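# Examining the three-dimensional arrangement
Residue strings, one per chain:
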Amino acid sequence: MSDGPYNPGKTAPDGTIRERVIAAIYESVIRPDLYDEFMDVWGSHISQIVETKADEGGEGAVEVDPDLQAHFARAYEIFEQIGRKTPSDQIGERIERAPGVALLLDARGELIAASPSARDLLGGDPALDTLRRALGSHSAELLGQMLRQADAGNSTAAPVILWTDWAPRHLVARIVHAPVHPGSGPSLTVVIESLEYRWSDEAEAMLVTSFGLSRAEVDLVRQLLGGRTLRQIAEDSGRSEHTVRNQAKSVLAKTGAPGQVDLIRMVVFLIRPRGASDGAFAGFGAFPETLMRMESTGKTVQVMQFGPRGGRPVIFLHGMIDGLAAVFFLREELAAANIRMIVPVRPGFGKSDPVARGEDALDVLEAHVREVIERLSLRRPVLMCHLAGNIYGQVMVRRLGKLLAGLLSISGNPPVTRVSQLARMPRRQRVVAYTARFAPALLPTILRAGIAQVDGQGVDHFRKALFAPGTHDAGVIERLDLTELLHAGFRFSVEQGMIGFATDSHLVVYDWSRHLGPLEVPVIMLHGERDPVVPPDSLIDAMEGIRGSEVRLVPEAGQLLMYEHPRIVLDALEELLAQR
């Protein structure tokens, strides 16, 4: 293959490699569960080409066989025509085996599935009259409004809290895509689940520390969570309803919650046990969010926040794979440390508008971060970045300078200056990186096929594809029960398909060292000694000689350092917050 252009799809000596690649990509369209087989065939082929090119000193893109490129493009078109499979992971089945109260309704309010606890409470009532009576007039109207939103095709309606006469007293209702009948396509449905929480002395202390609530205000929150109205609280305490309402307004002001429903959702989210589940994991809906129209770029950006409004500000730049999962995992610790976390979702992820070209992402995000700092009146926030967010963080800290107090980078990656850096990655990541670097025209199909696989096979396959069984990080996922959380993060990242991934892939595999100018504020880089994607020596070499930047290696830690060693992360964050 060295006597001509490096040509993905060029027939190998046995005359079969081109046909095998083409057959495999179409098979993965028809059967997403065969994506691994396709990646094996394509991975062997692109790896052979890249390794040959590296041996000859080549670093640039390879010439793509036009016929093969046409087949990849056609496969992508078919994926788009088919559309995303419902990311339900059999929501009906999961509702049926949920440990608490859980219901799945169609847009007409008819029962599709129910957990054993819910069926006991309903008493075999398929018309849900029992549920409506338990809800009371206001909550019944809220549920009716949500059902009408689902029937009208509005999938973006915000979750609502329903008060019941049952135990638990609070249910959360939200719109999801799920099959109405076995084998049917996705429809908009409504999931209703119990809000699980455990009130404790630790919960009270966390609310006092995090939001500066008085003991009386904490007691008001406790009673609201118990289903009491402000009028009932006033009658029980012998105070006027006006006094209690003023106290409730004070609580809302201190916590930053827009209303009582948001307050209850946020507090439950903060104090419930870390392992508590909403049946089918609800994702990150408990984070208060705003869709901000940016004056600087004209784009809409999804901005999520949690923690006390007057807390110490930290701006988080999320990774490519796990989205918001890491800060969700640390939500209790961050709130207890009086940290106000602000997450401007990067272009092409979640609900944030994408960029037209991958190379524009750095400039656009810089404009967005500047505007968020100004509009939210943030005084010298710390910038915190995770995984692929590191590229953006390293650039932002240099461009924004003393607008920031510093940068904390966790499990980041250095500029790619040699093909050998990509060659050291685990196989799945290496194949995607090789494609992004040497055959970028084929990358959209690779990513789109991967999304179809995850949509079809669920969390377990997703975990094993990226974190192979027997590896250090796979053990971390098992030990900390992170599977559902990481999957929710992935779903968030691919909400718009592969747009955000394609943007990041453009940056991750190239040499962005020209952006590494001098620093005005300190940078701490935490990295696991056992990180399988970015070996520590490559990061140390890249950062050598940059004054103000410190690489700290964490023994016996892998890529999932932020989950595995939260105390180390929080201590480093405190160091930088002290610079404010």
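Before reading on, note that the structure itself is shown above.
First things first, this report covers the structure right here in the doc.

## Structural notes on the pairing of strand β9 (residues 339-344)
With six of its six residues buried, β9 lies for the most part within the structure. Residues Ile339, Met341 and Val343 of β9 are buried on one face, and the alternating residues Arg340, Ile342 and Pro344, pointing to the opposite face, are buried as well. As defined by bridge partners, strand β7 (residues 300-306) adjoins β9 across four bridges and the pair is classed as antiparallel. Bridging across to β9, Val303 finds its partner in Pro344. Relative to β9, strand β8 (residues 312-317) runs parallel, the two sharing four bridges. From the neighbouring strand, Val314 faces β9, where its bridge partner is Met341.

## Looking at helix α22 (residues 499-508)
Most of α22 is tucked away: seven of the 10 residues are buried. Along α22, the residues that are buried comprise Gly500, Phe501, Thr503, Asp504, Ser505, Leu507 and Val508.

## Examining the nonpolar core
Side chains that are nonpolar tend, in soluble globular proteins, to be buried together. The biggest cluster of nonpolar side chains holds 129 residues, and the ones touching the most others in it are Trp42, Met341, Met384 and Leu408. Residue contacts for Met384: discarding those within four places in its chain leaves Val314, Ile315, Phe316, Leu317, Met341, Leu408, Ile410, Met562, Val569 and Leu573.

## Some points on the packing of helix α9 (residues 230-237) against helix α10 (residues 241-255)
Where α9 meets α10, the closest approach of the two axes is 9 Å, and the angle between their N-to-C directions is 120°. The angle between α9 and α10 places the two elements in the oblique class. Remark: the crossing between α9 and α10 carries right-handed chirality. Across the interface between the two elements, Leu230, Arg231, Ile233 and Ala234 of α9 pack against Glu241, Val244, Arg245 and Ala248 of α10. Classifying every residue of the contact of α9 with α10 gives five nonpolar, no polar and three charged.

## Digging into the packing of helix α8 (residues 215-225) against α10
α10 packs onto α8 with a crossing angle of 95° between their chain directions and a minimal axis gap of 10 Å. It follows that α8 is roughly perpendicular to α10 by the angle criterion. Across the interface between the two elements, Ala216, Glu217, Leu220 and Val221 from α8 touch Val244, Gln247, Ala248, Ser250, Val251 and Lys254 from α10. Per-class residue counts for the contact of α8 with α10 are six nonpolar, two polar and two charged.

## Notes on the pairing of strand β2 (residues 111-114)
In terms of strand pairing, strand β1 (residues 102-105) meets β2 through three bridges, oriented antiparallel. Bridging from a neighbouring strand, Leu103 pairs with Ala114 of β2. Counting the residues in the hairpin turn of β1 and β2 gives five residues, including Gly109, whose phi is positive at 85°.

## Focus: the pattern of salt bridges
Here the structure, examined in full by the defined rule, presents 23 salt bridges. A salt bridge links Glu241 to Arg245; its shortest N-O distance comes to 2.8 Å. Of this pair, Glu241 and Arg245 are both found in helix α10, four residues apart, which corresponds to roughly one turn of the helix. Here Glu241 falls in the partly exposed class, since its relative accessible area comes to 23%. Relative accessible area serves as the criterion here: at 40%, Arg245 is assigned to the partly exposed category. Close ionic contact of Arg375 with Glu371 constitutes a salt bridge, the shortest N to O distance being 2.8 Å. A residue pair is termed a helical-turn pair when its members lie 3 or 4 positions apart in one helix, as Arg375 and Glu371 do in helix α14 (residues 361-375) at four residues. What emerges from the salt-bridge pattern is a single network uniting Asp363, Glu366, Arg370 and Arg399.

## Things to note about the packing of aromatic side chains
Following the criterion strictly, the structure yields six aromatic pairs and no others. Ring geometry for Phe349 against Phe501: centres 6.3 Å apart, planes inclined by 40°, an arrangement best described as tilted. With Phe349 in the loop between β9 and α14 and Phe501 in helix α22, the pair connects residues that are 152 residues apart, well separated along the chain. For the pair Phe349 and Phe501, a shared accessibility class is recorded, and that class is buried. Taken together, a centroid distance of 5.7 Å and an interplanar angle of 90° make the contact between Phe490 and Phe501 edge-to-face. Of the two residues, Phe490 is situated in helix α21 (residues 483-493) and Phe501 in helix α22; the sequence distance between them amounts to 11 residues. Chaining the aromatic ring pairs together yields one cluster made of Tyr35, Phe38, Trp42 and Phe72.

The rules behind these values
- Residues numbered from 1 in each chain as written.
- Predicted model: local features only at pLDDT ≥ 70, side-chain atom pairs only at ≥ 80, totals over all residues.
- Heavy atoms only, no water.
- Buried < 20%, exposed > 50% of the residue type's maximum accessible area, 1.4 Å probe, protein only.
- Helix = DSSP H or I, 4+ residues; strand = E, 2+ residues; numbered from the N terminus.
- Pairing = 2+ DSSP bridges.
- Core = buried A, V, L, I, M, F, W, Y, C linked by side-chain atoms within 4.5 Å.
- Contact = heavy atoms within 4.5 Å.
- Axes fitted to C-alpha atoms, helices over the stretch in contact; angles between N-to-C directions.
- Parallel < 35°, antiparallel > 145°, perpendicular 65-115°, else oblique.
- Left-handed = near helix turned anticlockwise from the far one by under 90°.
- Nonpolar A, V, L, I, M, F, W, Y, C, P; charged D, E, K, R; others polar.
- Salt bridge = Lys/Arg side-chain N within 4 Å of Asp/Glu carboxyl O.
- Phe/Tyr/Trp six-rings, centres within 6.5 Å; stacked < 30°, edge-to-face > 60°.

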